Amino acid sequence: MASPFIEIPVGDRLVKVSNPDRVYFPEHGYTKRRLVEYYLAVGDGILRATRDRPTTLERWPSGVFPGAKLATRADGRNADAFYQKRVPKGAPDWVGTARIDFPSGRSADEVCPTERAVIAWAANLGTLTFHPWPVRAADVDHPDELRIDLDPQPGTGFADAVRVALGPARDLLDELGYTGFVKTSGKHGVHIYVRIEPRWTFTEVRRAALAFGREIERRAPREITTKWWKEERGEQVFVDFNQNARDRTIASAYSVRPVPAATVSAPVTWDELPDVATEDFTIATMPARFAELGDVHAAIDDRRFSLEPLLDLADRDERDHGLGDMPYPPNYPKMAGEPKRVQPSKARPTE
């Protein structure tokens, strides 16, 4: 008979893992206990990615079985997985929180990891993916991280995102004097993070990300797009500038993704990037890599950069090229300077 729970020592804590033998990834037989042990094996890395950050938990309490669905506004109660944006009731008193404001104007206390035990506790809840905000608890209105999300569109794939990262994106980072830290998304994309000084608003950081995307789009217009509407993107790599908007988050480094192979969002070095594949990094393979190399993003907090060069690019785009703002996601209130939020194929002639 399967054990109803076990207790795992994590630092000074004892973390209870209920139903440890429940299979979360049927294709490989990976259990909840295997998930918790994975996160403990990469503990320093996942904590570096989430420490002191309000973090949304993507919970799959029944595992990633065939046909399992993640909740959206459309399927809601019929889903098998969901995003936990508020600290769950009954959380231990050592689980830190941070108060954040949503675009709707509502507020919530989100989990804010401060130690490895919090990560293990969340994994016991079925958290596969950690979605940290790009802010710290001490100042939740000024991001300290610029996120470049290279998202392959249908007809393109991971190799295309890698080519964009290694070419136009890295070239621009070098010209700006920025140090970018690159990782796989764990699915098809590539993420680049740049630590920034926390003195700009979400709106300004998003504007900087859009300017970055537009500049590399100019350099490789057949490969890269910043067009928000999917019908306009074509077979290109989309630079998702809206991932820098308030309450938009990206899977953290070392997060497990809800796919049958149990891939993880893997930090890599720029030298490694040309030769890696998403499938190289799973909850089965990453612990050995981490034991050998440690966190290859360990230096990410060593230096912070100014957004002013990118905001200057944004000013130039508007002044010289007539390029203003782009649409926000549909759940956002109308933002100042935002164009009409109308899909081009459905727009009336006057829109």
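It should be noted that the structure appears before, not after, this text.
Residues numbered from 1 in each chain as written. Predicted model: local features only at pLDDT ≥ 70, side-chain atom pairs only at ≥ 80, totals over all residues. Heavy atoms only, no water.

(A) Quick peek at the packing of helix H5 (residues 202–219) against helix H7 (residues 308–321). In the contact formed by H5 and H7, the axes pass within 8 Å of each other and the chain directions differ by 65 degrees. If you check the angle between H5 and H7, you find them roughly perpendicular. In this structure, the crossing between H5 and H7 has a hand that is left-handed. Across the interface between the two elements, Glu204, Arg207, Ala208, Ala211, Phe212, Arg214, Glu215 and Arg218 of H5 pack against Leu310, Leu311, Leu313, Ala314, Asp315, Arg316, Asp317, Glu318 and His321 of H7. Class assignment for the residues of the contact of H5 with H7 results in 7 nonpolar, 1 polar and 9 charged. (Axes fitted to C-alpha atoms, helices over the stretch in contact; angles between N-to-C directions. Helix = DSSP H or I, 4+ residues; strand = E, 2+ residues; numbered from the N terminus. Parallel < 35°, antiparallel > 145°, perpendicular 65-115°, else oblique. Left-handed = near helix turned anticlockwise from the far one by under 90°. Contact = heavy atoms within 4.5 Å. Nonpolar A, V, L, I, M, F, W, Y, C, P; charged D, E, K, R; others polar.)

(B) Summary view of the pairing of strand E2 (residues 13–18). Relative to E2, strand E1 (residues 5–10) runs antiparallel, the two being bridged by 6 bridges. Each residue of the ladder has a partner; that of Ile8, found in E2, is Val15. (Pairing = 2+ DSSP bridges.)

(C) Spotlight on the packing of aromatic side chains. As enumerated under the stated definition, the model contains 10 aromatic pairs in all. Both rings, one in Tyr178 and one in Phe305, keep their centres 5.5 Å apart while their planes meet at 50 degrees; by these two values the pair is tilted. Linking Tyr178 in the loop between helix H4 (158–176) and strand E11 (181–184) with Phe305 in the loop between helix H6 (286–293) and H7, this pair joins segments that are 127 residues apart in sequence. Relative accessible area serves as the criterion here: at 5%, Tyr178 is assigned to the buried category. (Phe/Tyr/Trp six-rings, centres within 6.5 Å; stacked < 30°, edge-to-face > 60°. Buried < 20%, exposed > 50% of the residue type's maximum accessible area, 1.4 Å probe, protein only.)

(D) Summary view of the sheet that holds strand E13 (residues 224–225). Reading across from one edge, E13-E14-E10-E12-E11-E15 is the order of the 6 strands in this open sheet, with mixed pairing throughout. Both edges of this open sheet fall to E13 and strand E15 (267–268), since each of them pairs with a single strand only. Across 4 bridges, E11 lies against strand E12 (residues 190–195) in antiparallel orientation. By the bridge assignment for E12, Lys183 is matched with His191.

(E) Region of interest: helix H2 (residues 43–50). The buried fraction of H2 amounts to 6 of the 8 residues, a majority that puts the element mostly inside the structure. When H2 is considered as a whole, its buried residues turn out to be Gly43, Gly45, Ile46, Leu47, Ala49 and Thr50. Where the residues of H2 are buried, they touch helix H1 (32–41), strand E5 (55–59), helix H3 (116–124), strand E9 (127–132) and H6. Backbone geometry just downstream of H2 places Asp52 in the positive-phi region, at approximately 65 degrees.

(F) Molecular detail of the packing of H1 against H3. Packing of H1 against H3 leaves a shortest axis separation of 9 Å and a crossing angle of 160 degrees. Taken together, the axes of H1 and H3 lie roughly antiparallel to each other. Taken as a pair, H1 and H3 cross one another with a handedness that is right-handed. Counted together, Lys32, Leu35, Val36, Tyr39 and Leu40 of H1 and Arg116, Ile119, Ala120, Ala123 and Asn124 of H3 form the full contact between these two elements. Residue classes in the contact of H1 with H3 are distributed as 7 nonpolar, 1 polar and 2 charged.

(G) Quick look at the nonpolar core. Within the largest apolar cluster, 88 residues are counted, with the highest numbers of intra-cluster contacts made by Tyr39, Leu150 and Leu307. Contacts of Tyr39, omitting those with residues within four sequence positions, involve Ile46, Ile119, Ala123, Thr127, Leu128, Thr129, Phe130, Tyr254, Ser255 and Val256. (Core = buried A, V, L, I, M, F, W, Y, C linked by side-chain atoms within 4.5 Å.)

(H) Expanded view of unusual backbone geometry. The residue Tyr254 is not glycine, and still its phi comes out positive at about 75 degrees. Summarising the element assignment, Tyr254 is placed in the loop between strand E14 (237–239) and E15. One non-glycine residue with positive phi stands out, namely Ala262, at about 55 degrees. Mapped onto the secondary structure, Ala262 falls in the loop between E14 and E15.

(I) Representation of the pairing of strand E8 (residues 107–111) within the structure. Of the pairings in the sheet, the one linking strand E7 (residues 97–101) to E8 comprises 5 bridges and is antiparallel in character. Within E8, the residue paired with Asp101 across the bridge is Ser107. The turn joining E7 and E8, which pair antiparallel and follow one another in sequence, is formed by 5 residues; a positive phi near 100 degrees is taken by Gly105.

(J) Quick look at the pattern of salt bridges. One pass over the structure, following the stated rule, counts 29 salt bridges. With its nearest N and O atoms 4.0 Å apart, the salt bridge here joins Glu145 to Arg53. Taken together, the residues span a long stretch of sequence, with Glu145 in strand E10 (residues 145–152) and Arg53 in the loop between H2 and E5 at a distance of 92 residues. The class for Glu145 is buried, based on a relative accessible area of 3%. (Salt bridge = Lys/Arg side-chain N within 4 Å of Asp/Glu carboxyl O.)

(K) Up close: the environment of Arg48. Along the polypeptide, Arg48 turns up in helix H2. Sequence-wise, Arg48 and Ala291 are 243 residues apart; in three dimensions their C-alpha atoms are separated by 16 Å.

(L) Layout of the environment of Gly157. Mapped onto the elements, Gly157 comes out in the loop between E10 and H4. Along the backbone, Gly157 and Gly189 are 32 residues apart, and their C-alpha atoms lie at a distance of 7.5 Å. Residues in contact with Gly157, not counting those within four places in the same chain, are Pro152 and His188.

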